[in-house]
Amino acid sequence: MPQLTIVVPAYNEASVLDDFHARLLAVVDGLAVDTHVLYVDDGSQDDTWERIVRHCTDARVGGLRLSRNFGKEAALTAGLDAVSEGAAVVIDADLQDPPELIPALIEPWQAGYDVVYATRSARAGESALKRFTAAAFYRVMERLSDTPLPRDTGDFRLLSRRALDALGQLRERQRFMKGLFAWIGYRQTSIRYERDPRFAGDTKWNYWRLSQLAVEGITSFSTAPLRLATWVGLGAAAFAFVYGLWVMAKALLWGDPVRGYPTLMVVILFLGGVQLLALGVIGEYLGRNYAESKQRPLYFIAERHRDGS
């Protein structure tokens, strides 16, 4: 019988975890594949881990507790690394992605697809600003990245054994999992669904963390910002050269009074801003190279509960 592991990263999800677990097991009971559930506690500060441990009395459920909060990308990697056999489904514990959709992910996998991802056709419970910024991010990534990134698609997906083995070879420290899922290639397809509002608790993804994730995605899968800095610099230099010729021509032909202080300040501030922007872009890439060069482990596991323990 085919084997499937459902990987659930969780961080401070005590308010929703029991409800999620009940709905998930109801789905697992109806699956015609040998299914296990693996929770990954990303250093939660509430009683998320205690609830996971209670659920581990079920022979189909296991749990990993990371030594601290490493971030969702690292927690997701830890869970996928622990899947030694069969395929895996990735789903969040906040019930925005319905567990009842898992059978629909399994069908294309059994038909031969390696990656089956769930694309959001609607995003209930989110503000207009968040929907707009999310849509803008996916479309910007579509234009900047050499790797096609599916629009409006999160981490909720199924990965075959072959896809998991390929993903396990990618050990970069600055991880943007949505991009890595797409980068490995193989046969991929999608199903569409309407995303539900968060069942309970508060989202961990404020606009600051979302902006950091966007920068991570862009710098991990595109060098377009570096090229943009180059072209802006060339454009500013060309404009300055042409404007200098014009100033010289006016002075030689018609004479020209000395320009005032405001004009000089505008030029200096503009060029200084362009230079600092270029340095900032270079610094983002340099900082990521620095983090990769240290070769630190992606995560540490503090505690592990086997299925049924």
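Structure first, text after, so check above.
Residues numbered from 1 in each chain as written. Predicted model: local features only at pLDDT ≥ 70, side-chain atom pairs only at ≥ 80, totals over all residues. Heavy atoms only, no water.

Here's the deal with the environment of V267
Inspection of the secondary structure assignment puts V267 in helix α10 (residues 261-294). Each C-alpha atom, one on V267 and one on A240, is 9.5 Å from the other, the two residues being 27 residues apart in sequence. (Helix = DSSP H or I, 4+ residues; strand = E, 2+ residues; numbered from the N terminus.)

Focus on helix α1 (residues 14-29)
The first and last C-alpha atoms of α1 sit 23 Å apart over 16 residues, in line with the 22 Å expected at 1.5 Å per residue. Among the residues of α1, A14, V16, L17, F20, H21, L24, L25, V27 and V28 are the ones counted as buried. (Expected span 1.5 Å × (residues − 1). Buried < 20%, exposed > 50% of the residue type's maximum accessible area, 1.4 Å probe, protein only.)

Side note on the packing of aromatic side chains
Taken as a whole and assessed by the stated rule, the structure comprises two aromatic pairs. Geometrically, the ring pair formed by F20 and Y39 is edge-to-face, given 6.3 Å between the ring centres and 75° between the ring planes. Residue F20 is found in helix α1, and its partner Y39 is found in strand β2 (residues 34-41); the two are separated by 19 residues along the sequence. Using a relative accessible area of 0% as the deciding quantity, one classes Y39 as buried. Directly above the ring of F70 sits R68, whose terminal nitrogen or CZ lies 4.0 Å from the centroid. One residue, R187, lies across the ring of Y113, its end atom 4.2 Å from the ring centre. (Phe/Tyr/Trp six-rings, centres within 6.5 Å; stacked < 30°, edge-to-face > 60°. Lys NZ or Arg CZ within 6 Å of the ring centre and 35° of its normal.)

By themselves, these are just geometric observations and shouldn't be taken as functional.
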